[in-house]
Amino acid sequence: MRRDLAKDAPDALWPQGIELCAYSVEMAADVHHLMQLGYREGGGRVPALDTWQQQFETDPEYDPTLCFIAHDAEGVVGVAQCWTSAYIKNLVVHPRMQGRGLGRALLLKAFKVFQQRREGFVDLKVLEDNRRAQRLYESAGMYVVRRELVPD
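Quick caveat: nothing in here was measured; it's all calculated off a predicted structure. (Residues numbered from 1 in each chain as written. Predicted model: local features only at pLDDT ≥ 70, side-chain atom pairs only at ≥ 80, totals over all residues. Heavy atoms only, no water.)

**Q** How would you summarise the environment of Met35 if you had to cite specific residues and measurements?
**A** The residue Met35 is located in helix H1 (residues 28-39) in this model. Taking the relative accessible area as the measure of exposure, Met35 reaches 2% and is therefore buried. Sequence separation between Met35 and Tyr143 is 108 residues, and the spatial gap between their C-alpha atoms is 24 Å. With residues near it in sequence (within four places) discarded, Met35 still touches Val46, Trp52, Val79, Gln81, Asn90 and Val92. (Helix = DSSP H or I, 4+ residues; strand = E, 2+ residues; numbered from the N terminus. Buried < 20%, exposed > 50% of the residue type's maximum accessible area, 1.4 Å probe, protein only. Contact = heavy atoms within 4.5 Å.)

Structure follows, in structure tokens:
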């Protein structure tokens, strides 16, 4: 899906008690754990922590300032992992925070940052059967640009 960044995005409204920071190595285990929670219902898999961290931090498109971490008093509750190519690689919200606007806030934050970087579009991939995520992305102004067959 794609969002045209020529169109202004609304400011993010963060749920109460949420603070935002950029990714750091010290957060790797907590971010990895949230990614595992996010994908436990299907739609992908997350490799072991050491493998995940090495792949993430050495990717040519990695920039820690483009990995937005939302946390509250209990820990990491949301992650928007973005690449330098204006691509949202992962958007994951802790189950206890779902339905409270955190996913939308992270998405809008990514849009604003990529607008500031003078990107024309931001893209992401979503599985066809992930209707909840599709509705979120569509409500934030994203639209389908291409469909791909996902092998079983």
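Now that the structure has been shown, the text picks up again.
**Q** Would you mind going over the packing of H1 against helix H2 (residues 49-58) in detail, with residue names and values included?
**A** In the contact formed by H1 and H2, the axes pass within 10 Å of each other and the chain directions differ by 105°. It follows that H1 is roughly perpendicular to H2 by the angle criterion. On H2, the residues touching Ala28, Ala29, Val31, His32 and Met35 of H1 are Leu49, Trp52 and Gln53. A breakdown of the residues in the contact of H1 with H2 according to their chemical character gives six nonpolar, two polar and no charged. (Axes fitted to C-alpha atoms, helices over the stretch in contact; angles between N-to-C directions. Parallel < 35°, antiparallel > 145°, perpendicular 65-115°, else oblique. Nonpolar A, V, L, I, M, F, W, Y, C, P; charged D, E, K, R; others polar.)

**Q** Report on the pairing of strand E6 (residues 121-124), specifying residues and quantitative values.
**A** With burial as the criterion, only one face of E6 is covered, namely that bearing Val122 and Leu124; the residues Phe121 and Asp123 on the opposite face remain uncovered. Pairing of strand E1 (residues 2-4) with E6, which is carried by three bridges, proceeds in the antiparallel orientation. Bridge assignment links Arg3 to a residue of E6, and that residue is Val122. With two bridges joining them, strand E5 (residues 87-93) and E6 adopt parallel strand pairing. What sits directly across from Ile88, in E6, is Leu124. (Pairing = 2+ DSSP bridges.)

**Q** I'd like a description of the packing of helix H3 (residues 102-116) against helix H4 (residues 131-139), backed by residues and values.
**A** Contact geometry of H3 with H4 gives a least axis separation of 10 Å together with a crossing angle of 50°. Between H3 and H4, the angle is such that the two are oblique. By crossing handedness, the relation of H3 to H4 is classed as right-handed. Residues Gly103, Arg104 and Leu107 of H3 pack against Leu136, Tyr137 and Ser139 of H4. A per-class count over the contact of H3 with H4 returns three nonpolar, two polar and one charged. (Left-handed = near helix turned anticlockwise from the far one by under 90°.)

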